[in-house]
Amino acid sequence: MQNIFIIYTGGTIGMVKDPETGTFVPFDFELIARNLPDLARLNYKLTVHSFTPIIDSSNMKPSIWIEMAQIIKDNYEHYDGFVILHGSDTMSFSASILSFMLEGLQKPVILSGSQLPIGEIRTDARENMMTALEIASAKENGNSIIQEVCILFDNKLFRGNRSFKYNSAKFEAFRSPNYPVLAEAGIHINYNREALLDNSQKQFIMHTQLDNQVGVLKLFPGISPTIIRSILNSDVRSIVMETFGSGNTMTDEWFLDLIAEAVTNGKNILDISQCKVGSVELGRYETSQGLKAIGVLNGYDMTFEAAVTKLMYLQGHFQDQASVAYWVEKDIRGELTVND
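Just so it is clear, the model here is predicted, and its values are computed rather than measured. (Residues numbered from 1 in each chain as written. Predicted model: local features only at pLDDT ≥ 70, side-chain atom pairs only at ≥ 80, totals over all residues. Heavy atoms only, no water.)

Trainee: Got a minute to help me understand the sheet that holds strand 18 (residues 238-243) in this structure?
Mentor: Read across the open sheet, the 4 strands follow the order 17-18-19-20; overall the sheet is parallel. In the strand order of this sheet, the two ends are held by strand 17 (214-218) and strand 20 (297-298), each with one partner. Pairing analysis gives 6 bridges linking strand 18 to strand 19 (residues 268-273), with the strands arranged parallel. Across the sheet, S238 pairs through a bridge with N268, a residue of strand 19. Seen against the sheet, helix 8 (residues 304-317) touches strand 17, strand 18 and strand 19 and runs at an angle of roughly 165 degrees to strand 18. (Pairing = 2+ DSSP bridges. Helix = DSSP H or I, 4+ residues; strand = E, 2+ residues; numbered from the N terminus. Contact = heavy atoms within 4.5 Å. Axes fitted to C-alpha atoms, helices over the stretch in contact; angles between N-to-C directions.)

Trainee: When you look at the layout of surface pockets in this model, what are you seeing that I'm missing?
Mentor: Picture a little ball the size of a water molecule; that probe, rolled over the atoms, points out where space is still empty. In this structure, the largest pocket encloses a volume near 280 Å³. Lining the largest pocket are 17 residues, and of these T12, S88, S114, Q115 and K165 sit closest to its centre. Class assignment for the residues of the lining of the largest pocket results in 4 nonpolar, 9 polar and 4 charged. Taken as a whole, the second largest pocket spans an internal volume of roughly 240 Å³. (1 Å grid on protein atoms, 1.4 Å probe; cavity = no way out; pocket = protein on both sides within 12 Å on 5 of 7 lines; lining within 4 Å. Points joined across faces, edges and corners; volume = space filled by probe spheres on them. Nonpolar A, V, L, I, M, F, W, Y, C, P; charged D, E, K, R; others polar.)

Trainee: Before we go on, may I ask you to explain the environment of Y313 in this structure?
Mentor: By secondary structure assignment, the location of Y313 is in helix 8. Along the sequence, Y313 and I55 sit 258 residues apart, while their C-alpha atoms lie 22 Å from each other.

Trainee: Where do I start with the packing of aromatic side chains in this structure?
Mentor: Aromatic rings considered in pairs are described by the distance between their centres and by the relative angle of their planes. A complete count under the given rule lists 9 aromatic pairs for this structure. Between Y76 and F204 the ring centres are 4.0 Å apart and the planes differ by 15 degrees, which places this aromatic pair in the stacked class. With Y76 in the loop between helix 2 (62-75) and strand 5 (81-85) and F204 in the loop between strand 15 (189-191) and strand 16 (205-206), this pair connects stretches of sequence that are 128 residues apart. The residues Y76 and F204 share a single accessibility class, namely buried. Ring geometry for F100 against Y313: centres 6.0 Å apart, planes inclined by 15 degrees, an arrangement best described as stacked. With F100 in helix 3 (residues 91-101) and Y313 in helix 8, the pair connects residues that are 213 residues apart, well separated along the chain. Classification of Y313 as buried rests on a relative accessible area of 5%. Taken together, the ring pairs in this structure connect F5, Y79 and F82 into an aromatic cluster. The aromatic ring of Y166 is capped on one face by R175, whose charged end is 3.9 Å from the ring centroid. (Phe/Tyr/Trp six-rings, centres within 6.5 Å; stacked < 30°, edge-to-face > 60°. Buried < 20%, exposed > 50% of the residue type's maximum accessible area, 1.4 Å probe, protein only. Lys NZ or Arg CZ within 6 Å of the ring centre and 35° of its normal.)

Trainee: What exactly am I supposed to notice about empty space enclosed by the protein here?
Mentor: For the coordinates displayed, the defined rule picks out 1 cavity of 30 Å³ or more. Taken as a whole, the largest cavity spans an internal volume of roughly 30 Å³. Taken together, F153, D154, K156, F158, E172, A173 and F174 make up the full set of residues lining the largest cavity. Across the lining of the largest cavity, the residue classes break down as 4 nonpolar, no polar and 3 charged.

Trainee: Would you mind going over the nonpolar core with me for this structure?
Mentor: Side chains of a nonpolar character, in soluble globular proteins, are inclined to be buried together. Among the nonpolar cores identified, the biggest contains 53 residues, and L98, L102, V109 and L111 are the most heavily contacted of them. In terms of residues, this core owes the most to one element, helix 8, which gives 7 residues. Not counting residues within four places of it along the chain, the set of residues in contact with L111 comprises I84, H86, M91, S94, A95, L98, V149, C150, I151 and L152. (Core = buried A, V, L, I, M, F, W, Y, C linked by side-chain atoms within 4.5 Å.)

In structure tokens form, the structure reads like this:
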């Protein structure tokens, strides 16, 4: 019998429709259990921890991430796997930060949820929930097949820090264009063995120090110096700069001067692309050569979610900006691909 720990944070999967307002409101885990009688047929011992109050994922924040990580650590030795039921809107942020907080993870932590409440006739909740439980319990030669934080949605298992929500209207809500799908569930669950992390020789360590002093600068044609200056001068340690194509920006002297000033003043500026597919290649074009010379950091093919949460983790881990700058360009949890 497999022991699986379920953390129920909230989300669409456990919502019911308010008859007076017609809106969906969160309900407790008992609603899920009543709509999943097949749970009783599984050869699993399920333990459920429900957050009180139930959380809409739009209200997700670092204190809740720390609480989730602590729950996993406190129960780590007693369970074979963990399933986190979570709203889909910020699921990729939570999966990304947990991947950084849970170093050397040797057991699966699977985040899942649904696009329709579990009580709806055409809901995707049942299949997502049952598949997540099966993957969380899967072992081979006594070791968990999955040894990382993942997202399970619409029969596909994604590395958590490689995923993003791309669609709010389809059951296929998530994608991972820069890294292969880890597993796909059909008649059988087929694992992409070469894409999986192997932490079997590592030590499990939990990190709970997070620093959310991270800003975001999304470039667009015609953006004014006033807007850029206000973001660069904000009280943050690092800024995620979303650029064009393979990391390109305008080459106006005033823009490069503002970026250089911010870097000189100790800000870490991480360049990631607004494109969902591909990687930043600083120096490939003239429009990014200046950034590289100034000291802008390369985000390679990290998702926005991974970039923001990785900086929160690194800033909590290191007091000095140089260490944050060094490690943000390194692959530490399978979150980026470094181009030679």
